[in-house]
Protein chains: 2
Amino acid sequence: MSTKKVEFISSRENECIKRVKKLHDKKYREEFRSFIIEGLKLVKEAIEYQIECINLVIFSQQAKEKYQEFFEECKYLLQDGKIKRVIEVPDKLFEYITTTSTPQGILAECIFVDKDINFIKNLRRVVIADNLQDPGNLGTLIRCADAFGFDAVVTTKGTVDIYNPKTTRATMGSLFHLQIMREAEEGKLIKILKDNSFAVYVATPYGDIEISKIVPDKRFCIVIGNESEGVSDSFAKVATRKIKIPMVGKTESLNAAVAASIVLYELRKR
Amino acid sequence: MSTKKVEFISSRENECIKRVKKLHDKKYREEFRSFIIEGLKLVKEAIEYQIECINLVIFSQQAKEKYQEFFEECKYLLQDGKIKRVIEVPDKLFEYITTTSTPQGILAECIFVDKDINFIKNLRRVVIADNLQDPGNLGTLIRCADAFGFDAVVTTKGTVDIYNPKTTRATMGSLFHLQIMREAEEGKLIKILKDNSFAVYVATPYGDIEISKIVPDKRFCIVIGNESEGVSDSFAKVATRKIKIPMVGKTESLNAAVAASIVLYELRKR
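These numbers were taken from a predicted model, which means no experiment stands behind them.

A. Highlighting the overall build of chain A. A count of helical and extended segments in chain A gives 11 helices and 12 strands. Scaling as 2.2 N^0.38, a compact globule of 270 residues should have a C-alpha radius of gyration of about 18 Å, and chain A matches this with 20 Å. By its C-alpha atoms, chain A is 60 × 40 × 35 Å across when sized along the principal axes. Sequence-distant contacts in chain A: of pairs separated by 6 or more residues, those separated by 24 or more amount to 81%. Charge separation in chain A, taken as the distance between the mean sites of 43 positive and 38 negative side-chain charges, equals 3 Å.

Spelled out as structure tokens, the structure:
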């Protein structure tokens, strides 16, 4: 047992508070190689699955009372040396650093969890987010990839930041459950996929095979494209299969997150 | 050909402007039995599928220039007596009546399109939204119901308003493609379903059969419950089947709209 204690910070000028505030911006996330997650659920998932990535946990005074049991758990993990810092701040100061409009009063700073793109060689079932723009859609995609037994989510350069607070929130913790590779250069990514015999499926309304007819290869990736433009040409060109979702009504399209989810569902691990 | 002309309105005190502004509130939608839709796509879909419901179409001056072809089409439909009123307003006034933060400058007032609950007797494949709270989720559900060949969406009392601008926007026009029944009293709805031999499927994480194993009855409804509470007891009690989505990862749940979409996909018309 170490003798580490919960710190109390009340000034906006404190270095730690200044850093957390800066982490709202991608620029500083890249500089510090860390990001923030918020809310009981997310912080709990980080502790359960990737505790080594946690730099610090911050509670507002209100949250300390309200989530007393969880606060005690964090205190214990601090004393045990598993979490580096636990900080208590006045409610007003928490409002200053929060990324949400309805904060729960719990926030953590985490070190980047993504892996080098070459790590893909160890995997079999990979989701590629290719130029996805909406942070909520990317988060939902990661959550689905988790639910349906994929090994990893890879984002290409041009895709919204995986560490955007709106993305991490939408993952509901799945960010910590599977492998993440981010901002891969498309050419390099395609080369690695080919070199490692991945079948490349792309999801597109212009697909020539219905998703339900696909019997997935032992090793494959599924490429989910941009919300309005779809999958980029470079992936379309190397596609092993172009798959579509059957639709019978008067509408010609589905919400992007919904379409991606149905595709991952059909390709789920069985 | 009538001699009807495009009107120009520039005052907030104009009766028509005042009414459109009031339609942001559910209270006034109920009073006037009408609602507003916004954006090129939605208004076009309304014209194509349910032109008789359109009371008036409003263009901002900018939109009149930008969407000239569509403006001309509306002018023609006005002269032809198919649309009752077409109105042009200054951009500033449009900003006053818009329901979105990034308006396209096209808006229409429509008469309620929902049908009496007894109309369900004529249908075979029905989606029931039971206490759904998020307008975007309800809209996405309606869009999916359309894509997968359902006949109708019924909302129960307590579900978010189908005519909420966020809902209509998320439907992307599917609101005008299928039958809508709204704010049904649960007891009455269940009686009608039973009297007309509908199989009642409820979607729940605690289901005892996987959705992919279901062979849909000739006549059925699928009940999609509240985002956090799930399906209400009254539906759970009368369920013919309780169905779940198979999940294999470390997450125990899916985004509500995503889960509903996968269920509708599996029950799609084939």
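There is more to say after this.
B. Main features of unusual backbone geometry. Of note in the backbone geometry, A:Arg33 takes a positive phi value of approximately 55 degrees without being a glycine. The phi torsion at B:Ser197 lies on the positive side, around 55 degrees, for a residue other than glycine. Relative to the assigned elements, B:Ser197 resides in the loop between helix 9 (186–195) and strand 9 (199–203). What makes B:Ser197 exposed here is its relative accessible area of 58%.

C. Representation of the interface of chain B and chain A. Counting residues at the interface gives 31 residues for chain B and 32 residues for chain A. Around 2,600 Å² of area is buried between chain B and chain A when both sides are counted, 58% of it from carbon and sulfur atoms. Considering only the side of chain B, the residues that lose the most area to chain A are B:Arg143, B:Lys250 and B:Tyr265, jointly responsible for 23% of the buried surface there. Joining chain B to chain A, the criterion identifies two salt bridges. The residue B:Lys41 makes a salt bridge to A:Glu252 at a minimum N-O spacing of 3.4 Å. In this assembly, chain B and chain A are joined by 20 residue pairs in polar contact (both at pLDDT 80 or more). Breaking the side of chain B that touches chain A down by element, the ones donating at least two residues are helix 3 (40–50), helix 7 (135–147) and helix 11 (256–266) of chain B. Looking at the side of chain B that touches chain A residue by residue, the classes come out as 13 nonpolar, 10 polar and eight charged.

D. Seen up close, the pattern of salt bridges. Tallied over the full model, the rule gives 38 salt bridges over all chains. A salt bridge links B:Arg182 to B:Glu30, with the nearest nitrogen and oxygen atoms 2.7 Å apart. Here B:Arg182, found in strand 8 (residues 179–184), pairs with B:Glu30, found in helix 2 (residues 26–32); they are 152 residues apart in sequence, far enough to count as distant. Among the residues examined, B:Arg182 registers a relative accessible area of 12% and is labelled buried. Residue classification places B:Glu30 among the partly exposed residues on the basis of a relative accessible area of 25%. Salt bridges here are not isolated pairs; linked through shared partners, they connect A:Lys26, A:Arg29, A:Glu30, A:Arg33, A:Asp161, A:Arg182 and A:Glu183.

So, how was this worked out
Residues numbered from 1 in each chain as written. Chains lettered and ligands numbered in written order. Predicted model: local features only at pLDDT ≥ 70, side-chain atom pairs only at ≥ 80, totals over all residues. Heavy atoms only, no water. Helix = DSSP H or I, 4+ residues; strand = E, 2+ residues; numbered from the N terminus. Rg over C-alpha atoms; globule rule 2.2 N^0.38 Å. Contact = heavy atoms within 4.5 Å. Lys, Arg positive; Asp, Glu negative; His and termini not counted. Charge placed at Lys NZ, Arg CZ, Asp CG, Glu CD. Buried < 20%, exposed > 50% of the residue type's maximum accessible area, 1.4 Å probe, protein only. Buried area = accessible area lost by both parts, 1.4 Å probe. Salt bridge = Lys/Arg side-chain N within 4 Å of Asp/Glu carboxyl O. Polar contact = N/O pair within 3.5 Å; in protein donor to acceptor, adjacent residues only side chain to side chain. Nonpolar A, V, L, I, M, F, W, Y, C, P; charged D, E, K, R; others polar.

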